[in-house]
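# Inside the fold
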Amino acid sequence: MKLKLSLKLWIALSFLILGITIVTGYSMLSIHFFFRGMDSIISVNMENAAEDYLNGIKEGKTNPGNVDNYTVTQTWEAQTEQIKTYFKEPKRFGVLHKQRKQAEPGKRPHVMYFLIKLKVEGQTYFVSRAFTRADASPLVGQNARQSRQFIISLSMGITLLLALVTWLLMKRLSQPVSKLTKWTHELRPETLKQSPPDFAYPELNEMAELIKGSLSSVNESMERE
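Scoring rules and cut-offs
- Residues numbered from 1 in each chain as written.
- Predicted model: local features only at pLDDT ≥ 70, side-chain atom pairs only at ≥ 80, totals over all residues.
- Heavy atoms only, no water.
- Salt bridge = Lys/Arg side-chain N within 4 Å of Asp/Glu carboxyl O.
- Helix = DSSP H or I, 4+ residues; strand = E, 2+ residues; numbered from the N terminus.
- Buried < 20%, exposed > 50% of the residue type's maximum accessible area, 1.4 Å probe, protein only.
- Pairing = 2+ DSSP bridges.
- pLDDT = per-residue confidence, 0-100.
- Patch = residues over 30% accessible without salt bridge, like charges linked within 9 Å, V, L, I, M, F, W, Y side chains within 5 Å.
- Areas by Shrake-Rupley, 256 points an atom, 1.4 Å probe, with all protein chains shown as cover.
- Phe/Tyr/Trp six-rings, centres within 6.5 Å; stacked < 30°, edge-to-face > 60°.
- Lys NZ or Arg CZ within 6 Å of the ring centre and 35° of its normal.
- Lys, Arg positive; Asp, Glu negative; His and termini not counted.
- Charge placed at Lys NZ, Arg CZ, Asp CG, Glu CD.

### Regarding the pattern of salt bridges
Opposite charge on two side chains permits them to pair, given that their charged atoms come into close proximity. Counted under the stated rule, the structure contains two salt bridges. Close ionic contact of K98 with D39 constitutes a salt bridge, the shortest N to O distance being 2.9 Å. Of this pair, K98 sits in strand β3 (residues 97-101) while D39 sits in helix α1 (residues 7-58), and the two are 59 residues apart along the sequence. A relative accessible area of 40% places K98 in the partly exposed class. One salt bridge in this structure joins K84 and E81, with 3.3 Å as the shortest N-O distance. One end of the pair is K84 and the other is E81, both in helix α2 (residues 81-86) and three residues apart, which spans about a single turn. Residue classification places K84 among the partly exposed residues on the basis of a relative accessible area of 26%.

### Here we look at the environment of S178
With respect to the helices, strands and loops of the structure, S178 is situated in helix α3 (residues 138-185). Judged by its relative accessible area of 45%, S178 falls in the partly exposed class. Put simply, S178 and F199 are 21 residues apart on the chain and 9.6 Å apart in space, counted from C-alpha to C-alpha.

### A few points about the pairing of strand β4 (residues 111-120)
Burial runs high along β4: nine of the ten residues are buried. Pairing of β3 with β4, which is carried by five bridges, proceeds in the antiparallel orientation. Note that in β4 the partner of H97 across the bridge is L115. Taking the residues that link successive antiparallel strands as the turn, the β4-strand β5 (residues 123-131) hairpin has two residues, and the phi of E121 there is positive, at about 50°.

### Comments concerning the sheet that holds β3
The sheet built from five strands is open, its strands ordered β1-β2-β5-β4-β3 with antiparallel pairing. The open sheet has two free edges, formed respectively by β1 (66-67) and β3, since each of these has just one partner strand.

### Let's talk about the confidence of the model for the protein chain
Summary statistics for the protein chain give a mean pLDDT of 79 and a share of 85% for residues scoring 70 or more. Across the protein chain, element-level confidence peaks in β4 with a mean pLDDT of 90 and bottoms out in β1 with 75.

### Overview of unusual backbone geometry
With a phi angle near 50°, E121 is a residue other than glycine that sits in the positive phi range. The topology assignment puts E121 in the loop between β4 and β5.

### As for a nonpolar patch on the surface
On the surface, L18, I22, Y26, L29 and F33 cluster together into a nonpolar patch covering about 540 Å² of accessible area. The topology assignment puts L18 in helix α1. A residue is classified by how much of its surface remains accessible, and L18, at 52% relative accessible area, is exposed.

### A short note on the packing of aromatic side chains
Per the counting criterion, the structure on display carries five aromatic pairs. A ring pair is formed by Y53 and Y125, whose centres lie 5.4 Å apart and whose planes are at 75°; its orientation type is edge-to-face. Taken together, the residues span a long stretch of sequence, with Y53 in helix α1 and Y125 in strand β5 at a distance of 72 residues. Of the two residues examined, Y53 and Y125, each falls in the buried class. Relative to F131, the ring of F114 has its centre 5.5 Å away and its plane inclined at 85°; by these criteria the two rings are edge-to-face. One end of the pair, F114, is in strand β4; the other, F131, is in strand β5, and 17 residues separate them in sequence. According to the relative accessible area criterion, F131 is buried, its value standing at 18%. Among the aromatic side chains, those forming a connected cluster through ring pairs are Y70, F114 and F131. In this structure, K117 is placed above the aromatic ring of F93, and the distance from its NZ or CZ to the ring centre is 4.6 Å. Over the aromatic face of Y70 sits the side chain of R129, whose NZ or CZ is 5.1 Å from the ring centroid.

### Quick word on a negative patch on the surface
A cluster of acidic side chains, namely E47, E51, D52 and D68, defines a negative patch on the protein surface. Topologically, E51 is positioned in helix α1. Looking at E51, the relative accessible area reads 41%, which means it is partly exposed.

Printed below as a string of structure tokens:
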């Protein structure tokens, strides 16, 4: 059995589906840019670590490669075995690479590995670091939760507002259409001589004139016969 929906319901569903799609798209875009912002912060910290590494060499430090838990090396081979296990040697400069090690049952939380290839003062550097949940600042998790709650609340609010606007629009449109339908059903030969009422929209008024003109022509033909 083929499901038939009214024109009003079709329009309402179209508006809602379009609105939900837009809201979902913008929510995903907001989440994407949130993580892009986090990646940018990590990239800047890695660049600072590379500069500190270079300054450490100039100052004659014996082990400048460990800068604030960032591993900085001038060659790929000097990187840690974990990094070389999870990554291939990067070819492009300034591109942040990420890999996640999932947690095993009963083991420590998953680890995020970061790697970037940089050029500082004409020299190539590889900077890497492994992050766990314990390394992350509580402020980062708090900001992430607040951003997620804000996006969810905003999406729900926009969806409800869209549903309300759609309902009001359909109500506004359906009243003149219902009035036209009722007027059409109540047409009689004696009422065809009267002017149609105002149906609020020019298109509906034009349709009423066409209906009146067609029925008047039919009525006049029947009277002549």
